[in-house]
Amino acid sequence: MVILNSLADTGFDLPIRLLTGKQESLVVEVGNLLEQLGPLDDNAAFNFVNAVEDLLWAFERRATASWVLQLAIKKKVYRHDIFRVSDKDWGADF
């Protein structure tokens, strides 16, 4: 939380708002950020989504993690096919 608060203090409060806010109000903002990060050469959108997914799972915000993943798929952040785990084998690695 210290790191998230430090990020918020620098003006980037999106990660902490994903943990504490209502996801519906953040959909457009996350989508815009992914579009801005998409053209960058260093896979910034991909790395951002992976970091946010890890953060949300660590804080047990699975529903929010799910919609971030769906949004990332829609925005074509992932270059490869995404496979879903149908038998709830949560040990599977994305």
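Owing to the predicted nature of the structure, the values given are computational and were not obtained by experimental measurement.

Rules of the game
- Residues numbered from 1 in each chain as written.
- Predicted model: local features only at pLDDT ≥ 70, side-chain atom pairs only at ≥ 80, totals over all residues.
- Heavy atoms only, no water.
- Salt bridge = Lys/Arg side-chain N within 4 Å of Asp/Glu carboxyl O.
- Buried < 20%, exposed > 50% of the residue type's maximum accessible area, 1.4 Å probe, protein only.
- Helix = DSSP H or I, 4+ residues; strand = E, 2+ residues; numbered from the N terminus.
- Contact = heavy atoms within 4.5 Å.
- pLDDT = per-residue confidence, 0-100.
- Axes fitted to C-alpha atoms, helices over the stretch in contact; angles between N-to-C directions.
- Parallel < 35°, antiparallel > 145°, perpendicular 65-115°, else oblique.
- Nonpolar A, V, L, I, M, F, W, Y, C, P; charged D, E, K, R; others polar.

Thoughts on the pattern of salt bridges
- For the structure on display, the rule yields three salt bridges.
- Salt-bridge contacts for D13 lead to R17; the nearest nitrogen and oxygen are separated by 3.2 Å.
- Classification of R17 as partly exposed rests on a relative accessible area of 25%.
- Close ionic contact of R17 with E29 constitutes a salt bridge, the shortest N to O distance being 2.4 Å. Here the residue R17 occupies a position in helix α2 (residues 14-20), and E29 occupies one in helix α3 (residues 27-37), the gap between them amounting to 12 residues.
- Using a relative accessible area of 33% as the deciding quantity, one classes E29 as partly exposed.
- Counted as one network, the salt bridges with shared partners bring together D13, R17 and E29.

Some words on the environment of A72
- Relative to the helices and strands, A72 is located in helix α5 (residues 62-74).
- Between the alpha carbons of A72 and V49 there is a distance of 7.1 Å; along the sequence they are 23 residues apart.
- Setting aside chain neighbours within four positions, we find A72 in contact with L34, V49, V77 and Y78.

Regarding the confidence of the model for the protein
- Averaged over all residues, the pLDDT of the protein equals 83, while 82% of them reach at least 70.
- Averaged pLDDT values for the elements of the protein fall to 88 in α2 and rise to 92 in helix α4 (residues 44-58).

Quick word on the packing of α3 against α4
- With their axes 7 Å apart at the nearest point, α3 and α4 run at an angle of 140° to one another. Here α3 is positioned oblique relative to α4, judged by the angle of their axes. Seen from α3, the contacting residues are L33, L34 and L37; seen from α4, they are A44, A45, F48 and V49.
- For the contact of α3 with α4, the residue count by class is seven nonpolar, no polar and no charged.

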